Amino acid sequence: MSCLQTIQDYGLRSIGLGERLLPKSDFTLCEQFTLIGSGMIWNVYFGIMALATGFFLATALAVGKASSNIWLRKPSEWFIFIFRGSPLFIQFFFAYFLFLSLKKPYPMFDGFTSAWLGALIVLFFNTAAYSGEIFYGALRSIPKGDIEAADAYGMSGWSRFRRVVWPTTLRLAWPAYTNEAIFLFHATTLVFFSAFPAWQQRGDALYYASYFADKTFNPFVPYPILAFYFILLTLVVIGGFGLVNKRLNRHLPAAKKAKMQFRLNLAR
Amino acid sequence: MRPAIFSFCSDPDVLDTFRWFSCYLTNGVHWSFYLSFLKVLALLAVTAPVALGFGFAGAMAARSHFPPLSWLGKGYIAVVRGVPDIAFFMFFVIALDQAFEWTRHKILCPDWTDPIRQGNDFLVCQAAKLPLGSSPEWMHETYGFFLAVITFSIVFGAFAANVLFGGMRAVPHAQLETAEAYGMSRRQTFWRVLVPQMWVYALPGLSNLWMVLIKATPLLFLLGVEDIVYWARELGGTKTSKFTAYPHGDWRMWYFLFLLVFYLGMTRVSEIGLEKLMRRLAHGQATSGGELLRKETTA
């Protein structure tokens, strides 16, 4: 079977298109590359959706945590503490079993026990908490002069937030937020290793990589392939976020426009 | 099975709720569950210093003036970047096991001619198997735990190396120049001036790493160790009266809620402890934290 044929059969296997049965033995390099790549669809899906939705909740949480109103501050602080203070792995398990027990009395929770929705919600809350803390830190380090200037212009409330506070927050938080995005993509590999079932063996990249490693008892091929895909993904994320960073800093004089420093903490 | 602690546990069917739970939570399998918490703590206690050692070695290598050593250190740090840590865990557990068995195979069975990799099998001679097929159950469990500890140490060692490398670079250069001016050799400068001062710069990163390490402990489950996640799934699942004296429905949600609370507690305690440590380390340092402490004591 040619490699092109393999790509046609298995390229979209992770979302249920193409060949139904996974190869059982005599795996070619092409098959491993194709299937693990196919699994990346899930990682990208989870990552992008969680980032896109989590961004807004994160902004709300940051503003809430910085608020002087105790009814806004305390819930935000607790939300951030709970999701940052416990392992994502346990959060997945808990959420899955929670949805499972909600499903019986309320059939509307049916979709929540499958990964595409249930795991996405956990990732959404999780990244919102982590990014919320980042945005909160940035919010607190906005130069005092910026706020004073806004006040001097007679801005207040919403217009001051939208035109001065929020853009500056984003600008300050962006390098750390890039880091968070990278680690969110890494965290998506946990989904199918927690309780969420990979229905009809439609899993993510790590799911297929470990499938191959289990079958061949040789970890030295599938995991480096997985690493290759993830390094690629990381580079794309850094590139994309770098473009946004450039736009956020477009008003600064060239000398001040220091190259985005990726102080990768390596772990979030 | 361990005998029940309370004498009234002999017939659980007739107990009231409180007594039922006090019997249920102290029955034999639950002791395995509680014991697995000790496993997590043991993993933390062993991994943290070993990973710190790996990290220190990695950072020293990355700072080295001998290029191949410096590449090795930097490569070790960089290779963890960009790849999910869980992929490393899954990889190292098999790879380490095979590496050990392969080494033993080469030493113990030199006259073995068959290839080790045959198709989808990894075959070594009987004497090279780890642990030996004849060894008792606890040996297998200990070996699994041992592999997990090394895996955790390798991955977190790379994180720690990155943090310590940054900490070493953050020490003001004037400090090192002063040491040189006093006639210290490079080795003396490193051990007497750089190392004592770098911790305060490295501590925020290291405390972050400690938190990440705590939160990575449930991944033991993926490495095949019977840890708290394993037992929470086992014990929480629906039990019928056919197999146990304590039948109940699906309680896995509650068990995992308990784990969640356990980890939140660990995080909170660590936060408080690290805050105290930071204050201690900042004492007498030429940083804003140290300055703050000085003002507090003189005021």
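Residues numbered from 1 in each chain as written. Chains lettered and ligands numbered in written order. Predicted model: local features only at pLDDT ≥ 70, side-chain atom pairs only at ≥ 80, totals over all residues.

**What to know about the packing of helix α8 (residues 205–216) of chain A against helix α9 (residues 222–248) of chain A**
All names here are of chain A.
Thought 1: Where α8 contacts α9, the two axes come as close as 8 Å, and the packing angle between them is 165°. Regarding the angle of α8 to α9, the classification is roughly antiparallel. In this structure, α8 meets α9 at a crossing whose hand is right-handed. Counting all contacts with α8, which are made through A205, L206, A209, F212 and A213, the residues of α9 involved are P222, Y223, I225, L226 and Y229.
Thought 2: When its residues are assigned to classes, the contact of α8 with α9 shows 10 nonpolar, no polar and no charged. (Axes fitted to C-alpha atoms, helices over the stretch in contact; angles between N-to-C directions. Helix = DSSP H or I, 4+ residues; strand = E, 2+ residues; numbered from the N terminus. Parallel < 35°, antiparallel > 145°, perpendicular 65-115°, else oblique. Left-handed = near helix turned anticlockwise from the far one by under 90°. Contact = placed C-beta atoms within 7 Å. Nonpolar A, V, L, I, M, F, W, Y, C, P; charged D, E, K, R; others polar.)

**Quick look at the UniProt feature "domain: ABC transmembrane type-1" (unreviewed entry) in chain A**
Thought 1: Sites flagged by UniProt as "domain: ABC transmembrane type-1" (unreviewed entry) map to residues 40–244 of chain A.
Thought 2: Along residues 40–244 of chain A, the helical share is 78% and the strand share 0%, with 24 Å between the first and last C-alpha atoms. (UniProt positions renumbered as here; feature names shortened; annotations may be inferred.)

**Considering the packing of helix α6 (residues 144–152) of chain A against helix α7 (residues 157–187) of chain A**
All names here are of chain A.
Thought 1: Look at α6 against α7: their axes get within 10 Å of each other, and the N-to-C directions meet at 170°. On the basis of their axis angle, the class for α6 and α7 is roughly antiparallel. Between α6 and α7, the contacting residues are D146, I147 and A150 on the first element and R160, V164 and T168 on the second.
Thought 2: In the contact of α6 with α7, the residues fall into three nonpolar, one polar and two charged.

**Overview of unusual backbone geometry**
Thought 1: Although it is not a glycine, Q200 of chain A adopts a positive phi angle of roughly 50°.
Thought 2: Checked against the element boundaries, Q200 of chain A lands in the loop between α7 and α8.

**Re the UniProt feature "transmembrane region" (unreviewed entry) in chain A**
Thought 1: Sites flagged by UniProt as "transmembrane region" (unreviewed entry) map to residues 44–66, 78–99, 111–130, 181–200 and 220–244 of chain A.
Thought 2: Along residues 220–244 of chain A the backbone is 92% helical and 0% strand, and the end-to-end C-alpha distance reaches 37 Å.

**What about the environment of F183 of chain A?**
Thought 1: Mapped onto the elements, F183 of chain A comes out in helix α7.
Thought 2: Sequence-wise, F183 of chain A and T127 of chain A are 56 residues apart; in three dimensions their C-alpha atoms are separated by 9.4 Å.

**Structural notes on the environment of E177 of chain B**
Thought 1: Tracing the backbone shows E177 of chain B in helix α6 (residues 173–181).
Thought 2: Along the chain, E177 of chain B and T189 of chain B lie 12 residues apart, while their C-alpha atoms are 9.1 Å from each other.

**Re the UniProt feature "transmembrane region" (unreviewed entry) in chain B**
All names here are of chain B.
Thought 1: The feature "transmembrane region" (unreviewed entry), as given by UniProt, occupies residues 40–63, 75–96, 143–165 and 253–270 in the numbering adopted here.
Thought 2: Its end C-alpha atoms 32 Å apart, residues 143–165 is made of 100% helix and 0% strand.
Thought 3: Structurally, residues 253–270 comprises 100% helix and 0% strand, and the distance from its first C-alpha atom to its last is 26 Å.

**Side note on the interface of chain A and chain B**
Thought 1: Listed per partner, the contact involves 35 residues of chain A and 37 residues of chain B.
Thought 2: Mapped onto the side of chain A that touches chain B, the elements with two or more residues apiece are α3 (70–85), α4 (88–103), α8 and α9 of chain A.
Thought 3: The dominant element in the side of chain A that touches chain B, judged by the number of residues it contributes, is α4 of chain A, at seven residues.
Thought 4: Residues belonging to the side of chain A that touches chain B are distributed by class as follows: 23 nonpolar, 11 polar and one charged.

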